[in-house]
Every structure is written in C-alpha cells, then in structure tokens.
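# Architecture and fold: a report
Residue strings, one per chain:
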Amino acid sequence: MGDDLVRLFLAGDVMLGRGVDQILPHPGDPSLAEAYLKDARSYVRLAEAVNGPVPRAASPSWPWGDALRVLETAAPHVRILNLETAVTQYAESAPGKEVHYRMHPANLSCLAVARPDVCSLANNHVMDYGRRGLADTLEALGDAGLTAAGAGGNLDEARRPAVVPLPGGGRVLVFCVGAESSGIPADWAATPGRSGIDLVPETAEGAAEITARIRDAKRPGDLAVVSVHWGSNWGYAVPDDRIGFAHALVDGGADLVHGHSSHHARPVEVYRGRLIAYGCGDLIDDYEGIGGYEDYRDDLRPLYFASLDPATGSLREARVVVLQAHRMRLRRARSDDCRWLHEVLARVSGPFGARVDQDSDGALTVTAA
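First, a word on scope: everything that follows refers to the structure included in this document. (Residues numbered from 1 in each chain as written. Predicted model: local features only at pLDDT ≥ 70, side-chain atom pairs only at ≥ 80, totals over all residues. Heavy atoms only, no water.)

### Overview of the packing of helix α7 (residues 204-217) against helix α8 (residues 240-251)
If you want to describe how two helices pack, look at the angle between their axes and the distance between the axes. Packing of α7 against α8 brings their axes to within 9 Å, and their N-to-C directions diverge by 25°. The orientation of α7 relative to α8 falls into the category roughly parallel. Handedness of the α7/α8 crossing: right-handed. Residues Gly 206, Ala 207, Ile 210 and Thr 211 of α7 lie in contact with α8, whose contacting residues are Phe 245, Ala 248 and Leu 249. (Axes fitted to C-alpha atoms, helices over the stretch in contact; angles between N-to-C directions. Helix = DSSP H or I, 4+ residues; strand = E, 2+ residues; numbered from the N terminus. Parallel < 35°, antiparallel > 145°, perpendicular 65-115°, else oblique. Left-handed = near helix turned anticlockwise from the far one by under 90°. Contact = heavy atoms within 4.5 Å.)

Laid out in structure tokens, this is it:
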C-alpha cells in the first residue's frame, strides 16, 4: 500500500459502560435496572469465571490491550468507532429498555487512549439514560476533546458530519446515522426542536436524504463515509432492503459504508469499487462471560483497516486484524481462530463480490473478487 492512499480504521461497537466501567479507575454506580442482574460488577465476575482474574482500577489502556499496538503500527489517517454507551452519572434509565449502558465521565481516558477521530453516537444505547444522559455525553466528549457525530441538541446538530482533515489537503467527512432495525426507539429521533440521534429509514428515500447532504458538503479531494447502526445482533443474512439502501448510499456519493450493531462480523461487500461492511462486530464490551451464541464466536474482535484511493474513493485493500476478548482485554487471536474467521467471512462475503484471503500473520485481506 502506497503512502498516497488514505487509511481508515473502522471499529464496531465500543461499549465502555457497565462491567467495563467497573474495572476502570473511576467506577460509577453499579446499580442496574435489568431483569436478571442488578449490579454491573456481576458482568466482571462472569468474565472471570470463564478466563480468570480481571484487575480493578485497571489502567485506561487495559480494555484495548493489543489493539493499541496494532493501531500504532497501522498508522491510520482516520479512526472511526461506534461509542455504544452513555457517558453520565445520571441515575434514571430510559423506560421500556431491558439493558442500559453508562460509563463514568472520569473514565473517558479509556476512550481517549485509542485516539478516535470520530465517535458515532447514532445507536441504540447512547440515550439509555434519556435526553439528560445524552446531554451529559455530548458535554463530556466535548470537554475531553473527542469528536462525536450522529447525535445532538437538535436535528441539525445530529446530522452534522464529523470532518477530519487529511495530510496534504482533502478531508474525510463522516456521516453517522442509525436505523430502527438496530433497536433504536422511534422517539429517540432528533427533531428541529428536540435532542436525539439522526434516525433514518433504510429506504431509497432515506438514502437520498443522506446522499443529498453528502453532495452539499463534499468538495474536490474529500472522501465521504456513512457510519450506520443497523440490523440485529446475530446472523449472517443481509436483508435485500439493507443491501439496496447501502448500494443507494454508494450510488449517491458515499465512498465507504461502515456498518455496525451485530455482535460478530457480518459480510463485507465491494460494490462499484467501494467497501460496504455490513457488520464490524463488537470491539470492547463486558459480554465475555455471557453464553448462548458461541457458534458465532463473538469473542473474536475484528479491527478493520481500509485503504482508499483519494482521487477516486475506491477501495484498494481492506485488512482485518483479528483480536480476542480475554480477561476483559483484547489480545491477538490464535492462528486457528484467525483461520476460522477467514473461512466464515470468505464464505458469507463471496456472494457480495468480495474476496477474503488470509496473510501469513493471520490478518485477513479484502479485495474485489
């Protein structure tokens, strides 16, 4: 890959609340309004029962583990992730939801250590503590110098793309949106007079509205990414309407579609030379001790690196580095685990025009078939 390419890091869900928050230096109130577990520390104990002791008051870098070294080596120009937690001490959780995520604002150093350029908030957990929790989240991220997109104090703010300048000129514009298919309540949508997230329909009309914004904002030399929270937690099938929505985004000017919400990696597609990731899987969370879906290997945590031609926006190559959750920390996956993910992604992505190979170091490469 030449130095003239634009390198993007794409992460799936980064959930630093609940059990993860409890192992950091400033744990918040562990009380939960869940049906089965009432204390966030229970999720730490579940993880310990599977893989052994987890430190308390761990350093902010602990949950990231080997991911930080991978990021340093890859040296991406832009780092994009989905921040799937409220950053608040507010105690009143949103009614009608079974699971609520929050982290103490004093633990934001755990996010900052990964140096994200864009934190998408257009997801089904950022308002787990209501509009007050969202306001706290936006304020905390702003105070920490972290850029958020996809949510705001009104619709205009929620729709505002994150803008990341590139060395030598040009920009990466990141439009962050969420869909009801991921479990986002309809009343979380931002309006001209109400805070919330940029909630969009997965329809031709919804895609047209987003691509109109892309055309309005995009200048020569810019690249546009649509980061979208969509779909269910499990399974490899991609509904036809989601494929059509993603294709319409590319047809209208998006250079890459960064999908997330599923707890494991879903198919990747190369459409008209552009990368569409239908589900980047989880990256950091407290799910390590939760059973029931072992066949999907949600313990494997992929890091996606896409190299784009700045002149055309087309994908030159994508690499997927496979990590694994162990003691609430990310470590390099073993060769047999990398091989397992390669076989699955190659099988489910082949029909989408993507070729998935495996390098000698275990990383996966994605190119047009």
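### Regarding the packing of aromatic side chains
The tally for this structure, following the rule as stated, stands at seven aromatic pairs. Each ring, one from Trp 230 and one from Tyr 278, has its centre 5.8 Å from the other, and the planes form 15°; the classification is stacked. Of the two residues, Trp 230 sits in the loop between β11 (223-229) and α8 while Tyr 278 sits in the loop between β14 (274-277) and β15 (282-284), which places them 48 residues apart along the sequence. What makes Trp 230 buried here is its relative accessible area of 1%. Under the relative-accessibility criterion, Tyr 278 is labelled buried at 2%. Site record: aromatic cluster; members linked through ring pairs are Trp 230, Phe 245, Tyr 278 and Phe 352. Over the aromatic face of Trp 340 sits the side chain of Arg 297, whose NZ or CZ is 5.7 Å from the ring centroid. The side chain of Arg 329 reaches across the aromatic face of Trp 62, ending 5.2 Å from its centre. (Phe/Tyr/Trp six-rings, centres within 6.5 Å; stacked < 30°, edge-to-face > 60°. Buried < 20%, exposed > 50% of the residue type's maximum accessible area, 1.4 Å probe, protein only. Lys NZ or Arg CZ within 6 Å of the ring centre and 35° of its normal.)

### Describing the side chain of Asp 198
As for its position among the elements, Asp 198 is in the loop between β10 (196-197) and α7. Each residue touching Asp 198, except ones within four places of it in the same chain, is listed here: Ala 122, Gly 150, Ala 158, Arg 159, Cys 176, Val 177, Gly 178 and Arg 213.

### As for the nonpolar core
Ranked by internal contacts, the top residues of the largest apolar core, which has 48 residues, are Trp 64, Leu 111, Leu 283 and Leu 303. Every residue in contact with Leu 283, bar those within four places of it in the chain, is listed here: Phe 9, Ala 11, Asp 13, Val 14, Trp 64, Arg 301, Pro 302, Leu 303 and Leu 330. Ile 80, Cys 176, Tyr 236 and Ala 354 belong to the second-largest nonpolar core, a separate cluster that totals 41 residues. (Core = buried A, V, L, I, M, F, W, Y, C linked by side-chain atoms within 4.5 Å.)

### Points about the pairing of strand β2 (residues 78-83)
Extensive coverage of β2 is indicated by the burial of six of its six residues. With burial as the criterion, each face of β2 is covered, one bearing Val 78, Ile 80 and Asn 82 and the other bearing Arg 79, Leu 81 and Leu 83. As judged from the three bridges shared by β2 and strand β5 (residues 118-120), these two strands associate in the parallel manner. Its bridge partner lying in β5, Leu 81 is registered against Cys 119. (Pairing = 2+ DSSP bridges.)

### What about the pairing of strand β16 (residues 300-308)?
Here β16 lies mainly inside the structure; nine of its nine residues are buried. With five bridges joining them, strand β1 (residues 6-14) and β16 adopt antiparallel strand pairing. Residue pairing for β16: Phe 9 is matched across the bridge by Phe 305. Two strands pair when backbone bridges link them, and β16 and strand β17 (residues 315-325) are joined in this way by nine bridges, in the antiparallel orientation. Within the sheet, the bridge partner assigned to Tyr 304 lies in β17 and is Val 320. Remark: six residues form the turn of the hairpin made by β16 and β17, two consecutive strands paired antiparallel; Gly 313 in that turn has positive phi of roughly 80°.

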